[in-house]
Amino acid sequence: MSALRPDLAIIASQIEPGKRVLDIGCGDGALMAELEQFKQVDARGMELDASKVARCVARGLSVVQGDADRDLADYPDKAFDYTVLSQTLQTSERPDRMLAELLRVGQQAFVSFPNFAHWRTRTALMFGGRMPVTRALPTSWYATENIHHVTVEDFRDVVREQGASITRSWFLADNREIGALGSNWRAEFAVFQLSR
Amino acid sequence: MASVHASNLYKLPEDLPLDSGQALSGAEIAYETYGTLNAGKSNAVLICHALTGDQYVASNHPITGKPGWWERMVGPGKPIDTDRFHVICANVIGSCMGSTGPASMSGDGEPYGMRFPVITIRDMVRGLIALLDGLGIDRLHTVVGGSMGGMQTLSLAANWPDRAERVLVIASTARHSAQNIAFHEVGRQAIMADPSWADGDYYETDAAPDNGLAVARMAAHITYLSEAGLTEKFGRRLQDRESKSFGFDADFQIESYLRYQGSGFTQRFDANSYLYITRAMDYFDLAEEHGGKLANAFAGSTARFCLVSFDTDWLYPTAESRHIVHALNAAGAKVSFVELSAPHGHDSFLLEHAELDQVIEGFLE
């Protein structure tokens, strides 16, 4: 097997063979390639960066260059069994609308994001007094693509506001899965499975 | 590379039915092939050419002597690798490089001229399908085309969905816009305003409507280039002179360039073919053929699609490709799409572009 990023590995492990999956912000297509190769999944992708799309096409993947904030509207309702949004929610113009779109286009959705309430971020802000630059958030405030930082608890709230429900959740620290207890402090990254 | 030679000629065994309700009898299709067809006939790649293109995709043009129009893309070790693929490129009907068109002899021994029936993009593809039937190729590995070639690939995918596994559409559109039609109409009117056009009946005379055809080409050529590309290449620079002539010579380099392009074009292209092919492009509206809904055109398609647009192409801008992608998504088809950045406008698909090479090579894998 490959060395998938830990949040992607969790998502990949949850998707049953033969399903239809849309990976939004698919990057170089690592998750899609894994799903197609090992689970005969019908995977489609959306990616903003043209050179990453070109690399995906060169790998034989079906990827459309597009802006998820705008172009998800092009997909019919429930066109996919799963939609995947990995570490992209916090770059969205309107994460709440994005979540609604994920569950319109897909029966279920996987969402992963860096948790802004991780203790390392909190201490960096509390004691440094500046926007945190951490392992999980390595880019300065002025250059980051992350325009809507989110915490585990914020995410639970927005899911509730959208009338959706959380089917399962996973939390990661130091690239390893950790328990849910104190996850809003302890988790660097979170993965949620959502449905309506 | 391959030397100058006459193309293969396939005579259609039956009349070619046309969208107009007419039929073309005794039609012939001139084509070139490169690379070897494998035993399973599974490595055939059909390349569809653009408005003024021809079958000489990777061999020297017999009139101009210039290299093939996509030689940088097609050949041994190239992105469309003729060591692996059997590449077929045919001159479309209505054209003038060996396939039956208005300059061809009709049944009465006189050139068709304007008696040639008005054809459509689908009619061109019908001719290509007849050729594939004749060559015994049931299923193409890939059909690929840029510009009008892209319209043919879309038409093939929509109307003969079992004939291609992969469909590659570059810098193209599913319908001609009002602006597209307008530019073509300028060209047609330039030809028809030339006294030598003589209602299309000029083949037996010494004259041909070269002036009109040259003007048509000049107008069209502008649409193939970007404003920034023109500025970079020519700016306001003067042609072989220190100052303006206060006359109507080609003072500016861009004028000289367009005149050269226009007159060069008349050496290798027939004015009536230009009328017929631009008409076919203007009539093209794939959604209209399928109940007004483009997604219907691709319903049930199992082919993989890849669309490529260029950010400076204002003839068939990215929005047109996105429109097709939207329809393919709605139809549940497997589709990839990328807008590539290139400075040269519509013509970018013919020019050096590393990412285009990467996409095409990868899509054919």
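Everything numeric here is computed off the predicted structure, so don't read it as measured data.

Draft legend 1. Looking closely at the overall build of chain B. Looking only at helices and strands, chain B features 10 helices and 12 strands. For a compact globule of 365 residues, the expected C-alpha radius of gyration is about 21 Å, and chain B comes in at 20 Å, within 12% of that figure. For the C-alpha atoms alone, the extent of chain B along its principal axes is close to 65 × 50 × 45 Å. When contacts within chain B are restricted to residue pairs at least 6 apart in sequence, those whose partners lie at least 24 apart make up 71%. Per element, the accessible surface of chain B, about 14500 Å² overall, is 51% carbon and sulfur. On chain B, the mean spot of the 27 positive side-chain charges and the mean spot of the 45 negative ones are 5 Å from each other.

Draft legend 2. Local environment of the interface of chain A and chain B. Facing 23 residues of chain A, the contacting portion of chain B comprises 20 residues. A combined buried area of about 1700 Å² lies between chain A and chain B, and 49% of that area is made up of carbon and sulfur atoms. The largest share of the area that chain A buries against chain B comes from Val57, Gln65 and Asp74 of chain A, three residues that together contribute 29% of it. Where chain A touches chain B, the interface holds 2 salt bridges. Its salt-bridge partner being Asp71 of chain A, residue Arg322 of chain B comes within 3.6 Å of it at the nearest N-O pair. At the junction of chain A with chain B, the criterion picks out 11 residue pairs in polar contact (both at pLDDT 80 or more). Elements that contribute at least two residues to the side of chain A that touches chain B include exactly β2 (42-47), α3 (50-58), β3 (62-65) and α4 (68-71) of chain A. A total of 7 residues in the side of chain A that touches chain B trace back to one element, the largest contributor, which is α3 of chain A. A per-class count over the side of chain A that touches chain B returns 10 nonpolar, 5 polar and 8 charged.

Draft legend 3. Representation of the nonpolar core within the structure. By size, the foremost hydrophobic cluster in this structure holds 108 residues, and its most contacted members are Phe155 of chain A together with Phe298 and Phe305 of chain B. Ranked by residue count, the leading element in this core is helix α1 (residues 121-135) of chain B, at 8 residues. Excluding anything up to four places from it in sequence, Phe305 of chain B contacts Ala157, Val167, Phe298, Leu328, Ala333, Lys334, Val335, Ser336 and Phe363 of chain B. By size, the runner-up hydrophobic cluster in this structure holds 57 residues, among which are Met32, Val53 and Phe189 of chain A together with Tyr34 of chain B.

Draft legend 4. Layout of the state of the cysteines. All names here are of chain B. Applying the stated criterion across every chain yields a total of 0 disulfides over all chains. Of the cysteine sulfurs around Cys96, a residue in no disulfide, the closest is that of Cys89, at 14 Å. On the basis of relative accessible area, Cys96 is assigned to the partly exposed category, the value being 22%.

Draft legend 5. A negative patch on the surface, seen in detail. A contiguous patch of negative charge, built from Glu110, Asp199, Asp201 and Glu204 of chain B, is present on the exposed surface. Since its relative accessible area comes to 39%, Glu110 of chain B is described here as partly exposed.

Draft legend 6. Representation of helix α2 (residues 30-39) of chain A. All names here are of chain A. Turning to α2, its buried residues are Leu31, Met32, Ala33, Glu34, Leu35 and Lys39. Contacts from the buried residues of α2 go to α1 (6-14), β1 (20-24), β2, β3 and β4 (80-86). One or two positions beyond α2, positive phi appears at Gln40, with a value near 50°.

Draft legend 7. Quick peek at the side chain of Gln55 of chain B. Residues and elements named next belong to chain B. Summarising the element assignment, Gln55 is placed in the loop between β5 (44-48) and β6 (74-75). At 2.9 Å, the side chain of Gln55 and the side chain of Ser7 are in polar contact. Within the local environment of Gln55, its side chain forms a polar contact with the backbone oxygen of Met97, the two atoms lying 2.9 Å apart. Every residue in contact with Gln55, bar those within four places of it in the chain, is listed here: Ser7, Ala30, Tyr31, Glu32, Tyr34, His49, Cys89, Ala90, Asn91 and Met97.

The rules behind these values
- Residues numbered from 1 in each chain as written.
- Chains lettered and ligands numbered in written order.
- Predicted model: local features only at pLDDT ≥ 70, side-chain atom pairs only at ≥ 80, totals over all residues.
- Heavy atoms only, no water.
- Helix = DSSP H or I, 4+ residues; strand = E, 2+ residues; numbered from the N terminus.
- Rg over C-alpha atoms; globule rule 2.2 N^0.38 Å.
- Contact = heavy atoms within 4.5 Å.
- Areas by Shrake-Rupley, 256 points an atom, 1.4 Å probe, with all protein chains shown as cover.
- Lys, Arg positive; Asp, Glu negative; His and termini not counted.
- Charge placed at Lys NZ, Arg CZ, Asp CG, Glu CD.
- Buried area = accessible area lost by both parts, 1.4 Å probe.
- Salt bridge = Lys/Arg side-chain N within 4 Å of Asp/Glu carboxyl O.
- Polar contact = N/O pair within 3.5 Å; in protein donor to acceptor, adjacent residues only side chain to side chain.
- Nonpolar A, V, L, I, M, F, W, Y, C, P; charged D, E, K, R; others polar.
- Core = buried A, V, L, I, M, F, W, Y, C linked by side-chain atoms within 4.5 Å.
- Buried < 20%, exposed > 50% of the residue type's maximum accessible area, 1.4 Å probe, protein only.
- Disulfide = S-S within 2.5 Å.
- Patch = residues over 30% accessible without salt bridge, like charges linked within 9 Å, V, L, I, M, F, W, Y side chains within 5 Å.

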